[in-house]
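# Chains, contacts and geometry: an overview
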2 protein chains.
Amino acid sequence: MDEPQSRQACGLTACDHDERARGRLLRAAADVFDRKGYAAASVREIVEQAGITKPVLYYHFGSKEGMLVAILEEGARLFEQAVARALTCPGSVRQRVAALCEEVYSLFRDNVPAVRVAHALFFGPREGLPAFDFTKFERVLRPAITRLVEEGMATGELREAHPEDVSMAINGVIAGCTDQELNPCGTPVGIDGIHRVLDLIFDGLSATHNEKEN
Amino acid sequence: MDEPQSRQACGLTACDHDERARGRLLRAAADVFDRKGYAAASVREIVEQAGITKPVLYYHFGSKEGMLVAILEEGARLFEQAVARALTCPGSVRQRVAALCEEVYSLFRDNVPAVRVAHALFFGPREGLPAFDFTKFERVLRPAITRLVEEGMATGELREAHPEDVSMAINGVIAGCTDQELNPCGTPVGIDGIHRVLDLIFDGLSATHNEKEN
DNA sequence: GTCTATATTATGATAGAC
DNA sequence: GTCTATCATAATATAGAC
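Here we summarise the structure given alongside this text. (Residues numbered from 1 in each chain as written. Chains lettered and ligands numbered in written order. Predicted model: local features only at pLDDT ≥ 70, side-chain atom pairs only at ≥ 80, totals over all residues. Heavy atoms only, no water.)

## Some thoughts on the side chain of B:Arg142
Within the element layout of this structure, B:Arg142 appears in helix α7 (residues 135-155). Buried within the structure, B:Arg142 lacks any salt-bridge partner; its nearest side chain of opposite charge belongs to B:Glu138, at an N-O separation of 4.2 Å. Residues within four places of B:Arg142 in sequence aside, it is in contact with A:Gln180, B:Met168 and B:Asn171. (Helix = DSSP H or I, 4+ residues; strand = E, 2+ residues; numbered from the N terminus. Buried < 20%, exposed > 50% of the residue type's maximum accessible area, 1.4 Å probe, protein only. Lys, Arg positive; Asp, Glu negative; His and termini not counted. Salt bridge = Lys/Arg side-chain N within 4 Å of Asp/Glu carboxyl O. Contact = heavy atoms within 4.5 Å.)

Below, the structure written as structure tokens:
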């Protein structure tokens, strides 16, 4: 979460200074929102940590809520990019599912503060929250998984089953690894761990394959 | 989350009245904490919803934090019971894993408000939170899964693999289904859904079993 | 664009009567 | 055990000078 996208114009005067204040503010806000939670975070602590004063925050973002929205929008942008990257990857469905999990896992791992903020808001209480479309993440990841699953079934690479169930199983790997990473008493999984778990659910946990088709 | 365990003594006077106030308070607090989040929840709203006044809350629980701890302790108690029930279940490892997922899923489904509160606190920011051992849930579920996995490998029912990876795969099913249930834009999974997903990961997602042992 | 100083409201908690 | 009335503090946000 650094200085993101475009800012309108940027005239002759102290643009660097401006951008630096904005950037420091964004990083400080992500950190404080992560540590204290959005509701419990105070603008006082944010501006103190950023080394500026309150009116600067209100000048750039309009409100405490505006700061949060800026952080979330940047996160959603990175998430979309990561998923898109995985989908254009060549190889079997199994390989592309692995790539998808890898991309998402890496993104999460490299942006733990912002991800924790987003995760907490997504699964946490909705009331009194900013006007941000929190379904965005779900609406990006789910169709990506579904698309891979349907393709895998069409080519015969995947077993015949309810596509939603297969998606759920794959989503479970991502959810499990993510939880493990975000939860403070969990040991990190690592890319290797993700691959081993994926291999397991693709090949099956059982030693003998007593498959009962539904 | 109703009136829980014991209260000291309970003398001659208005015990019913007392217990009713306590119970209403607990339910109201769980609801408000769920809807607004712990930090953003105000004692004013809690007491209004419970139909009593502030001093009653402070008389029974000492503080806003005391209310939260009471809710969490009740939740941890129910969670331990559910896991213990599943472990004493007869049958194959596969059947007992299913029973475990079923128990946890049902408990979550029947106590959505309290579970959302606990989930939000567990994965959310730790600072400024009550003195409650949030690792409890993890410390109960993980060993239970691990025990079943190790037993399954000893008897040859499960494939030879890193036990942590198998645990992670199973945990992923629970995490995925839970997320689906808690997340507002997710469609419920249902007990049947859980069983189908478990069957999938036990038998494998792949149509052809090109197993490469690690 | 950034500051000092302040307005306004809501919070968690309590005194003290009954 | 439950109330009314209130305290002390900290919150978000803004005026207005520079």
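## What to know about the side chain of A:Thr178
All names here are of chain A. By the element assignment, Thr178 lies in helix α8 (residues 163-182). With relative accessibility at 9%, the residue Thr178 sits in the buried group. Looking at Thr178, its side chain comes within polar contact range of the main-chain oxygen of Ile174, at 2.6 Å. (Polar contact = N/O pair within 3.5 Å; in protein donor to acceptor, adjacent residues only side chain to side chain.)

## Comments concerning the protein's contact with DNA strand D
Residues in close proximity to DNA strand D total 19 residues, the closest being A:Lys54, A:Tyr58, B:Thr53, B:Pro55 and B:Val56. Restricting attention to atoms of DNA strand D within 4 Å of the protein, one finds that 60% of them are sugar or phosphate atoms. Between DNA strand D and the protein, one listed contact pairs a phosphate oxygen with a backbone N or O atom of A:Val43 at 3.1 Å. Within the side chain of A:Lys54, one N or O atom sits 2.8 Å away from a base nitrogen of DNA strand D. At the level of elements, α2 (43-50) and α3 (54-61) of chain A together with α1 (15-36) and α3 (54-61) of chain B are the ones that each hand at least two residues to the surface near DNA strand D. Of the residues assigned to the surface near DNA strand D, the class counts are nine nonpolar, five polar and five charged. (Near = heavy atom within 4 Å. Nonpolar A, V, L, I, M, F, W, Y, C, P; charged D, E, K, R; others polar.)

## Looking at the layout of surface pockets
In this model, the largest pocket occupies a volume close to 570 Å³. The wall of the largest pocket is formed by 34 residues, among which A:Gly37, A:Tyr38, A:Ala39, A:Pro125 and B:Gly37 lie closest to the centre. Among the elements of the structure, α1 (15-36) and α6 (112-123) of chain A together with α1 and α6 (112-123) of chain B are those that each provide at least two residues to the lining of the largest pocket. Looking at the lining of the largest pocket, its residues break down into 20 nonpolar, six polar and eight charged. Quantified by volume, the second largest pocket comes out at close to 300 Å³. (1 Å grid on protein atoms, 1.4 Å probe; cavity = no way out; pocket = protein on both sides within 12 Å on 5 of 7 lines; lining within 4 Å. Points joined across faces, edges and corners; volume = space filled by probe spheres on them.)

## A few points about the relation of the copies chain A and chain B
The two copies are related by a screw operation: chain A maps onto chain B through 180° of rotation and 0.0 Å of translation along the axis, at an RMSD of 0.1 Å. Expressed as a symmetry operation, the mapping of one chain copy onto the other fits a two-fold axis. Rotation axis and chain A: the residue whose C-alpha lies nearest the axis is A:Gly204, separated from it by 1.7 Å. With an isologous cut-off of 70% or more, the 100% of interface residues of chain A that recur at the interface of chain B puts this contact in the isologous class. (Least-squares fit on C-alpha atoms with pLDDT ≥ 70 in both.)

## What about the packing of α2(A) against α3(A)?
All names here are of chain A. Between α2 and α3, the shortest axis-to-axis distance is 9 Å and the interhelical angle comes to 100°. The orientation of α2 relative to α3 falls into the category roughly perpendicular. For the pair α2 and α3, the contacting residues are Val43, Ile46 and Val47 in the first and Lys54, Leu57 and Tyr58 in the second. Of the residues contributing to the contact of α2 with α3, the split by class is five nonpolar, no polar and one charged. (Axes fitted to C-alpha atoms, helices over the stretch in contact; angles between N-to-C directions. Parallel < 35°, antiparallel > 145°, perpendicular 65-115°, else oblique.)

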